[in-house]
Structures are given as C-alpha cells and as structure tokens.
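Spelled out, the chains give:
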Amino acid sequence: MIAMQYSFTLPADYDMGIIDRRMRERGPGTDGFPHLAFKAYLSARRGEFGGQENLYAPFYLWEQPEGASNFITGPGFQALTQSFGRPSIDQWMVWHAETAADLGNAKFATAERLPIEPHADLAALRAEETERARQTGRKRDALASISGFEARSWSLVRFMLYADMPLISGDGQIYRVGHMSLPAAVQAVARR
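Quick caveat: nothing in here was measured; it's all calculated off a predicted structure.

Student: So what's going on with the packing of helix α1 (residues 17-26) against helix α3 (residues 75-84)? Residues and values would help.
Tutor: Between α1 and α3, whose axes approach to 14 Å, the crossing angle comes to 165°. The orientation of α1 relative to α3 falls into the category roughly antiparallel. Between α1 and α3 the crossing geometry is right-handed. Listed contacts from α3 to I19, R22 and R26 of α1 are A79, L80, S83 and F84. For the contact of α1 with α3, the per-class residue count stands at four nonpolar, one polar and two charged.

As structure tokens, then:
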C-alpha cells in the first residue's frame, strides 16, 4: 500500500465554496477507481480550527502503486493540473492502515507530519507506529488510522478520518472531508 497527498494553498480571500462545489461535483468521478482503497477530498479554511491557510489537499490510500500511476496519468488529474497547476505529490510507504466499515461517513481528517530522528531504530519505530495506528484506528470515533514512512525526507505521516470533529493536540492539520471515494464493493454495501 502507498499513501499519497498533494496540497494547493489558496489565497486568503479565496471563495472556498468553489472548492466545496468541486469536491461535490467531481468527487464521484473517483468512486470505484481501480486499486483505490479510498480518496478523501479534503479542504481547510484559514482561521477555522486554528488553520493558517485555505487548502485543497486530497489524501489517497492505494492498494497498489499501479492505481496511483493510472490516476496521475489520467484525465482527472490532467484536469486538476489545468485548474491549479502541477503539484508536488507526497508519497509514503504505508506501515499500517486501519479502516472501519463505515469509512464513507468521514467528515473530518487530521494529518501530522513528523521528522524521524537521525539514527532512529527504524524497525522499532515501525513497530511503535503500527501499534499506535492499530490502537487509534480501533477507537470508537476513528474511521481510519494510517501510518506511513517517506525515505527521501525521513519523515512519518499519521493520518486519521473521523465522523465527528476530533479533539486533537499538537501541530497537526485539521481538514473537512468534502467527499469520500471508495471501492465499488464498499459503496455497494454502504448503499444497502
């Protein structure tokens, strides 16, 4: 599995209703996308939840790298780059992903990016992060808990999805979820 996120910082006076509308209208276009475990269409508003910027920042969890490659080379991503420019894309090797059956109910997300200390014991860190993701993913209010590793910058990502506004501390970013794209089989079960 790989996790992926890109982010667009928008002007302070940008009408974020445009982003909300974009997520509602274009979000279903990635429902059932091959090899996609989920795509969380995320936004943050300057001044909301302590946020410093207006952001549009989708987060993806891919079952197979082929899915990410097909998406990035496809027409949906091309349309995005025509609207906002070509973003830098952060990618992480997933150490652990815990998701709930009702993942489609996500309304909020948090993301923390943490540096890995020089000479850290990576095996021990992976074990700790995996256990942390398991434990936080099983909390009643959590719908997903992802822990991932990126070797170029030697950093971790901790990503969580929630149905209700989370109580968090630290320097993480809080997002609103505008749409959740899920595999076709998961969507069919959710509609029943």
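Student: Which residues make up the pattern of salt bridges, and what values do they have?
Tutor: Scanning the model with the defined rule gives seven salt bridges in all. Within the structure, one salt-bridge network assembled from shared partners comprises E129, R132 and R158.

Student: Lay out α1 with the relevant residues and their values.
Tutor: Residues I19, R22 and M23 constitute the buried set of α1. Looking down the long axis of α1, one finds its buried residues gathered within 95° of arc, a one-sided arrangement. Summarising the geometry of α1, the exposed residues directed more than 90 degrees from the buried face are R24 and E25.

Student: Which residues make up the nonpolar core, and what values go with them?
Tutor: Most often, soluble globular proteins keep nonpolar side chains buried together rather than apart. Counting residues in each nonpolar core, the largest one holds 26 residues, and the members touching the most others are F38, L42, L103, F159, L161, Y175 and M180. Examining the composition of this core, we find that five residues originate from one element, strand β3 (residues 36-44), more than from any other. Beyond its immediate sequence surroundings of up to four residues, Y175 is in contact with Q5, L42, S43, A44, L55, A57, K107, F108, A109 and A111. The next biggest cluster of nonpolar side chains, apart from the first, holds 17 residues, and it includes L10, M16, M23 and F77.

Cut-offs applied
Residues numbered from 1 in each chain as written. Predicted model: local features only at pLDDT ≥ 70, side-chain atom pairs only at ≥ 80, totals over all residues. Heavy atoms only, no water. Axes fitted to C-alpha atoms, helices over the stretch in contact; angles between N-to-C directions. Helix = DSSP H or I, 4+ residues; strand = E, 2+ residues; numbered from the N terminus. Parallel < 35°, antiparallel > 145°, perpendicular 65-115°, else oblique. Left-handed = near helix turned anticlockwise from the far one by under 90°. Contact = heavy atoms within 4.5 Å. Nonpolar A, V, L, I, M, F, W, Y, C, P; charged D, E, K, R; others polar. Salt bridge = Lys/Arg side-chain N within 4 Å of Asp/Glu carboxyl O. Buried < 20%, exposed > 50% of the residue type's maximum accessible area, 1.4 Å probe, protein only. Arc of directions from axis to C-beta. Core = buried A, V, L, I, M, F, W, Y, C linked by side-chain atoms within 4.5 Å.

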